[in-house]
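# Architecture and fold: a report
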Amino acid sequence: MTKIRRGGYIFNTWVGDHSPKHVHVMIKGRIVLRWDLENNRIITGLATRKMVKLILELQEEGKL
């Protein structure tokens, strides 16, 4: 499991999780977004511009 804290959010991924490869974004212990990392789109939840920016930054850094 990868757990990254950034910008007030927690970003979680799990090795061996189901396809597509995705990240769970949490605020205060609740999953607010599931983001498809392969196609850069929402699976479930609502994404703010800040969340998307952070996800893209983490992908560029090779952390997701």
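Basis of the calculations
Residues numbered from 1 in each chain as written. Predicted model: local features only at pLDDT ≥ 70, side-chain atom pairs only at ≥ 80, totals over all residues. Heavy atoms only, no water. Buried < 20%, exposed > 50% of the residue type's maximum accessible area, 1.4 Å probe, protein only. Helix = DSSP H or I, 4+ residues; strand = E, 2+ residues; numbered from the N terminus. Pairing = 2+ DSSP bridges. Polar contact = N/O pair within 3.5 Å; in protein donor to acceptor, adjacent residues only side chain to side chain. Contact = heavy atoms within 4.5 Å.

### Observations concerning the pairing of strand β2 (residues 9-13)
In terms of residue burial, β2 counts as a mostly covered element, since five of its five residues are buried. Along β2, one buried face is formed by Y9, F11 and T13 and the opposite face, lined by I10 and N12, is buried too. The pairing of strand β1 (residues 2-6) with β2 spans five bridges and is antiparallel. By the bridge assignment for β2, R6 is matched with Y9.

### Details of the side chain of H22
Following the sequence through the fold, H22 ends up in strand β3 (residues 22-27). Among the polar contacts listed, one links the side chain of H22 to the side chain of D17, at a separation of 3.2 Å. Engagement of the side chain of H22 in a polar contact is seen with the backbone oxygen of P20, the distance being 2.8 Å. Ignoring any residue separated from it by four or fewer positions in sequence, one finds H22 in contact with N12, T13, D17, R34, W35, D36, L37 and I43.

### Details of the environment of G29
Here G29 lies in the loop between β3 and β4 (30-36). Classification of G29 by relative accessible area gives exposed; the value is 59%. Placed 19 residues apart in sequence, G29 and I10 show a C-alpha to C-alpha distance of 8.5 Å.

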